[in-house]
Number of protein chains: 2
Amino acid sequence: MDDVHRRSTTMPVVTMIGGGQLARMTHQSAIELGQCLRVLASNTDDPAATVSADVVIGSHDSLDDLRRAAAGANALTFDHEGVPLAHLQALEAEGVTVHPPSKALHFAQDKLAMRTRLSALGLPVPDFVDLSGDRVAARAALREFGARHDWQIVVKAVRGGYDGRGVWLLDDEAAALAVIDGADDATQLMAEAKVPMRRELSALIARSPFGQGAAWPVVETIQRHGQCAVVLAPAPGLSAEVAERAQQMALRLADELGVVGVMAMELFETSDGELVVNELAMRPHNSGHWSMDGAITSQFEQHLRAVLDYPLGATDAVAGPVVMANVLGAAQAPSMSMDERIHHLMGRIPEAKIHLYGKSERPDRKVGHVNIVGVPGASIDEVRERAERAATWLSTATWTDGWDEHGE
Amino acid sequence: MDDVHRRSTTMPVVTMIGGGQLARMTHQSAIELGQCLRVLASNTDDPAATVSADVVIGSHDSLDDLRRAAAGANALTFDHEGVPLAHLQALEAEGVTVHPPSKALHFAQDKLAMRTRLSALGLPVPDFVDLSGDRVAARAALREFGARHDWQIVVKAVRGGYDGRGVWLLDDEAAALAVIDGADDATQLMAEAKVPMRRELSALIARSPFGQGAAWPVVETIQRHGQCAVVLAPAPGLSAEVAERAQQMALRLADELGVVGVMAMELFETSDGELVVNELAMRPHNSGHWSMDGAITSQFEQHLRAVLDYPLGATDAVAGPVVMANVLGAAQAPSMSMDERIHHLMGRIPEAKIHLYGKSERPDRKVGHVNIVGVPGASIDEVRERAERAATWLSTATWTDGWDEHGE
């Protein structure tokens, strides 16, 4: 190394537990900040493991693997909520900087604890009931709760559900009791009243250890088969007052719980225009993917800034309305390869921002997403049509508007 | 692997020769397209080698190393112009897809060939003279050329110069002859007439093997110490007619030479408003870094699209004017680490888009850049002030507006 070679303080290292698409996209932002994201991945062909230069192969269920991944890193964070809390507490006791900390992450892992805490904070949540305890007690509690809500209820696994798994939408007693009877002993359940709703919203925010908060515009999320399919940013027709209320709720909760990093608060906008909290995620979230192309600071860059206690970035939209549409594995194998589908999409919609996760295609599996950024003042319906047309094409090799690729 | 696991045709692999910042930033775009950029890097701590999962360590001067890097890749491309042409011809003969091809890259490697070819095509170039041959002949040719141009000339190395190296700006006979006398025998020289100019411009375009072309808005580039310091996108006050002429010249030249990938045509806008071609680069270029945050398709994504013969992406600006400012290593070590400087910058200019290359800081070395994207209709002077303030801060830990970090 020559004499004038002057190395700055080495850039910080963030470890992300989980090698999925959220880690993959966080790595893109790490590169910009002069870093390389370290990922703990289960397999060498996980989405993030195939693109990062710093990969630890191991399991998030193994404390030793977590220790290996954390060694020498400035902060440890997550692309999913599945790490056992006891392991995180052990790491914290050993001096590892865990963001979000276990005391906060607990509420993203345990829906019952989350509901109880939100309720205690006076935040709007649906009526809910704990169905833990023995089967007899659970059946009794469910009968009372169901009758009170005319059986318009949702039974949920307290832990581990995502993308529609661990959630049962019900409308009669027999079906509800069958969920309890069918659950194995290890599955703790709870029930919630269904909320008569107009639509679903998401308030995405970030919080730093210093306590700085930043909120992106509130978005509308559209679910299909229990998972996020389309995001409209900002939520069309949402009043500034309601949007700000949603942002304040999310920022306040993050502060109360000591969240560090990005947090998504999924909300119901009820039929009478009120807000009810549905779920929490303490990590970058599908409802924030639009920010990669549509906001000044993406959720992935912001998550890194937050966990490193850097000041947070501007969250304004860069231009007009943005629509994100997920690319899902199709029910039947498309008639051409993904590479060919990309080729056709680029030819037809040259402004589509394609994000692929390097995953194999299985039915309904999220394998990528497409963002379309509208010009200022653009109609969100028109932007949405292009985004959904693009994503459906990548999923299925069919055009929603009937365009015939072969010109026949 | 389970039965429903359905792998699409594997995504293509692009190999980039050179592990510098251009490869590093191309990898960010590769990730979005479902790929991982393979890089041939000299060292494991090269900017791209520290972030990509697919790194071949070797030299671009070794045909065997080039072969190892090319094995199994869909296309081979470059982050610099230094690969020996004979090696590329050998690879092409072996069936490797080299983009840009050797027949085109030749003109980016050899300034004399470039001048001669552009002149033959009727494109505007400064008057020039070949100074190869023995020293006596070269001195005679230089004397005749210098006298004709009143010694307002530039002597250049035909090969290998960049960022101000291999270029001598002269204004008298003795100094010009001293360059010839001081050059070693291996250095082929040429001379050009200085162009009385208003400013420098860059026309950045891309071309695919299919022959599709795409042009970004023409930008103004501001040089300091012989290298690019600031880019204003679009070039302020440039008439639509002149901008289109520059784009057409670049697109036409790319077509004539068979360029594939991104090409920058650096231009002088002369004092009387004409355009003269200065240099060519056949790769992503410093004058296109603004596109990472300010254009729908960045030059790095576009380069990948082009070398893979995908249709090209939209090149429109996303929002208002954009200014890119390079972060250069300072003459003297700044008073705080880069990590601390980032912290302060993020606090003061939360909308600054920071791009760091993972390089150690040496005087005048490009270690990163900052983009500021203005809102539509923003004043480019105001945007430029923020971009230069941000980049100078990262370089030197001093604020150009006299702001005192310590509040003293």
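Residues numbered from 1 in each chain as written. Chains lettered and ligands numbered in written order. Predicted model: local features only at pLDDT ≥ 70, side-chain atom pairs only at ≥ 80, totals over all residues. Heavy atoms only, no water.

Engineer: Would you mind going over the packing of helix α1 (residues 21–32) of chain A against helix α10 (residues 299–307) of chain A in detail, with residue names and values included?
Structural biologist: Helices that pack against each other are described as a pair by the angle of their axes relative to one another and the distance between those axes. All names here are of chain A. Relative to each other, α1 and α10 sit at 70°, their axes nearing to 8 Å. In terms of orientation, α1 and α10 fall into the roughly perpendicular class. Packed against α1, whose contacting residues are L22, M25, T26, S29, A30 and E32, the element α10 presents F300, E301 and L304 at the interface. (Axes fitted to C-alpha atoms, helices over the stretch in contact; angles between N-to-C directions. Helix = DSSP H or I, 4+ residues; strand = E, 2+ residues; numbered from the N terminus. Parallel < 35°, antiparallel > 145°, perpendicular 65-115°, else oblique. Contact = heavy atoms within 4.5 Å.)

Engineer: Give me helix α8 (residues 240–257) of chain B: which residues, what numbers.
Structural biologist: All names here are of chain B. In a regular helix each residue adds 1.5 Å, so 18 residues correspond to 26 Å; α8 covers 26 Å between its end C-alpha atoms and thus fits that length. Buried residues belonging to α8 abut α4 (102–109), α5 (111–120), β9 (197–207), β10 (213–215), β13 (261–270) and β14 (275–281). Just downstream of α8 lies G258, where phi reads positive at about 75°. (Expected span 1.5 Å × (residues − 1).)

Engineer: Report on the relation of the copies chain B and chain A, specifying residues and quantitative values.
Structural biologist: Once chain B has been moved 0.0 Å along the axis and rotated by 180°, it coincides with chain A to within an RMSD of 0.0 Å. Here the transformation between the copies is reduced to the relation of a two-fold axis. Within chain B, the C-alpha atom positioned nearest to the axis of rotation is that of A53(B), 2.2 Å from it. (Least-squares fit on C-alpha atoms with pLDDT ≥ 70 in both.)

Engineer: Tell me about the interface of chain B and chain A, residues and numbers included.
Structural biologist: One frequently used descriptor of interface size is the decrease in accessible area upon assembly of the parts. Facing 63 residues of chain B, the contacting portion of chain A comprises 63 residues. Of the roughly 5,100 Å² buried at the junction of chain B and chain A (both faces included), carbon and sulfur atoms supply 54%. Where chain B touches chain A, the interface holds 2 salt bridges. K353(A) serves as the salt-bridge partner of E301(B), at 2.8 Å between the closest nitrogen and oxygen. Inspection of the chain B/chain A interface yields 20 residue pairs in polar contact (both at pLDDT 80 or more). For the side of chain B that touches chain A, the secondary-structure elements that each account for two or more residues are α1 (21–32), α10 (299–307), α11 (338–348) and β16 (353–356) of chain B. In terms of residue count, the dominant contributor to the side of chain B that touches chain A is α11(B) (7 residues). Along the lines of polarity and charge, the residues of the side of chain B that touches chain A split into 30 nonpolar, 18 polar and 15 charged. (Buried area = accessible area lost by both parts, 1.4 Å probe. Salt bridge = Lys/Arg side-chain N within 4 Å of Asp/Glu carboxyl O. Polar contact = N/O pair within 3.5 Å; in protein donor to acceptor, adjacent residues only side chain to side chain. Nonpolar A, V, L, I, M, F, W, Y, C, P; charged D, E, K, R; others polar.)

Engineer: Lay out the pairing of strand β8 (residues 189–193) of chain B with the relevant residues and their values.
Structural biologist: All names here are of chain B. Judged by how many residues are buried, β8 sits mostly within the fold: 5 of 5 residues are covered. Along β8, one buried face is formed by L189, A191 and A193 and the opposite face, lined by M190 and E192, is buried too. Bridging between strand β5 (residues 128–130) and β8 involves 3 bridges; their strand directions are antiparallel. By the bridge assignment, D130 is partnered in β8 with M190. As paired elements, strand β6 (residues 153–157) and β8 share 5 bridges and run antiparallel to each other. Bridge pairing in β8 links A157 to L189. (Buried < 20%, exposed > 50% of the residue type's maximum accessible area, 1.4 Å probe, protein only. Pairing = 2+ DSSP bridges.)

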